[in-house]
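Per-entry structural report
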Amino acid sequence: MNQRLNQKQLKELKDCFNFFDGDNSGSISVKELKKVCESLSINVRERELNELMKLMDNDGSGCVDFQEFVDVMADQFFREPTPAELEAAFDTFDQDKSGYISEEELLVVMSRFKGNITKSDVQKMISAVDKDRDNRINKKEFINIVLNHNKN
């Protein structure tokens, strides 16, 4: 395991890995990687998927195991997102381009990730980051939570 990661970070990576590993085989296949990309509305060609797998699949097994996943993803915990990445992430949630992430928008996007998320879960998420108490997340609040999360 990567020595720079703490237990919380390793658990987050394990949860993410398990989400990608749809058949619970202990590895991520090209087919599973494609499904995750599609659920995030990321259009990738077969060639791009294969190139991504080659970068991650160090042992040449054709699948990515948890250690290979950790090796690739660990650096993300220590990397500050660029302004363009933050804008793109916010825009993924702000589907009506209002400049705010509403409860409904957060529910739609989070359902793609987690599946069985409830309205109550979304309300808790919003109240945790909604500093101006308008029941929605503005860009400043979003960027603040992303940047603070990366430091933990």
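In this report, we go over the structure that sits alongside the text. (Residues numbered from 1 in each chain as written. Predicted model: local features only at pLDDT ≥ 70, side-chain atom pairs only at ≥ 80, totals over all residues. Heavy atoms only, no water.)

**Describing the overall build of the protein chain**
Defined as follows: The helix and strand labels rest on DSSP assignments: H or I over at least four residues marks a helix, E over at least two residues marks a strand, and numbering proceeds from the N terminus. The classification of residues rests on relative accessible area computed with a 1.4 Å probe and restricted to protein chains. Under 20% of the type maximum is buried, over 50% is exposed, and intermediate values are partly exposed. Any pair of residues with heavy atoms lying within 4.5 Å of one another is described as a contacting pair. Per-residue and other accessible areas follow the Shrake-Rupley method at a 1.4 Å probe size, with only the shown protein chains counted as cover for residues. Charged residues are defined here as Lys and Arg on the positive side and Asp and Glu on the negative side; His and the ends of the chain fall outside this count. Throughout, a charge is located at the NZ atom of Lys, the CZ atom of Arg, the CG atom of Asp or the CD atom of Glu.
Looking only at helices and strands, the protein chain features eight helices and four strands. Element order for the protein chain, N to C, with α for helix and β for strand: α-β-α-α-β-α-α-β-α-α-β-α. Across its three principal directions, the C-alpha atoms of the protein chain cover 50 × 30 × 30 Å. Scored against the burial criterion, the 152 residues of the protein chain give a buried share of 30%. Counting contacts in the protein chain only where the partners sit at least 6 residues apart, residues at least 24 apart contribute 49% of the total. Counting every atom, the protein chain has about 9,600 Å² of accessible surface; 54% of that belongs to carbon and sulfur. Positive and negative charge centroids in the protein chain, built from 22 and 29 side chains respectively, lie 3 Å apart.

**Here we look at helix α1 (residues 7-20)**
Quick reminder of the rule: By definition here, a helix of n residues has an expected span of 1.5 Å times n minus one. It is the directions from the helix axis to the C-beta atoms whose arc is reported. Under this definition, polar contacts are N or O atom pairs within 3.5 Å; protein pairs additionally need one hydrogen-donor-capable and one acceptor-capable atom, and for neighbouring residues in sequence, both atoms have to be side-chain atoms.
Taking 1.5 Å as the rise per residue, α1 with 14 residues should run 20 Å; its terminal C-alpha atoms sit 20 Å apart, in good agreement. Of the residues making up α1, those classed as buried are Q9, L10, L13, F17 and F20. Taken down its axis, α1 places every buried residue within 100 degrees of arc, on the same side. Away from its buried face by more than 90 degrees, α1 exposes Q7 and K11. Here α1 starts with a cap whose side-chain oxygen sits 3.0 Å from the backbone nitrogen of K8, and that cap is N6.

**Thoughts on the nonpolar core**
Going by this rule: Each nonpolar core is a collection of buried residues, namely Ala, Val, Leu, Ile, Met, Phe, Trp, Tyr and Cys, held together in the definition by side-chain atoms within 4.5 Å.
Membership of the largest hydrophobic core comes to 17 residues, with the highest contact counts inside it found for L5, L13, I28, V64, F69 and V70. Among the elements that take part in this core, α1 stands out by supplying four residues, more than any other. Within the second largest apolar cluster, twelve residues are counted, among which are V109, V122, V129 and F142.

**Considerations on unusual backbone geometry**
Despite not being glycine, N24 shows a phi value in the positive range, around 55 degrees. Residue N24 is classed as exposed on the basis of its relative accessible area of 64%. Positive phi outside glycine occurs at K97, with the angle close to 55 degrees. Taking the relative accessible area as the measure of exposure, K97 reaches 54% and is therefore exposed.

**A short note on the packing of aromatic side chains**
The condition is simple: Only the six-membered ring of Trp is used, alongside the rings of Phe and Tyr, when aromatic pairs are assigned; centres must lie within 6.5 Å, and planes under 30 degrees apart are stacked while those over 60 apart are edge-to-face, with the rest tilted. The criterion for a charge sitting over a ring is simple: Lys NZ or Arg CZ within 6 Å of the ring centre, and within 35 degrees of the ring normal.
Going through the model one piece at a time under the given rule, you end up with six aromatic pairs. Considering the side-chain rings of F17 and F66, the 5.5 Å spacing of their centres and the 75 degrees angle between planes classify their relative orientation as edge-to-face. Of this pair, F17 sits in helix α1 while F66 sits in helix α4 (residues 66-73), and the two are 49 residues apart along the sequence. Relative to F142, the ring of F90 has its centre 5.5 Å away and its plane inclined at 70 degrees; by these criteria the two rings are edge-to-face. Of this pair, F90 sits in helix α5 (residues 83-93) while F142 sits in helix α8 (residues 139-151), and the two are 52 residues apart along the sequence. Across the pair, exposure class does not vary: F90 and F142 are buried alike. Taken together, the aromatic side chains of F17, F19, F20, F66 and F69 make up a single cluster linked through ring pairs. A cation sits over an aromatic face here: K14 above F66, 4.6 Å from the ring centre. Between R136 and the ring centre of Y100, over which it is positioned, the NZ or CZ distance is 3.4 Å.

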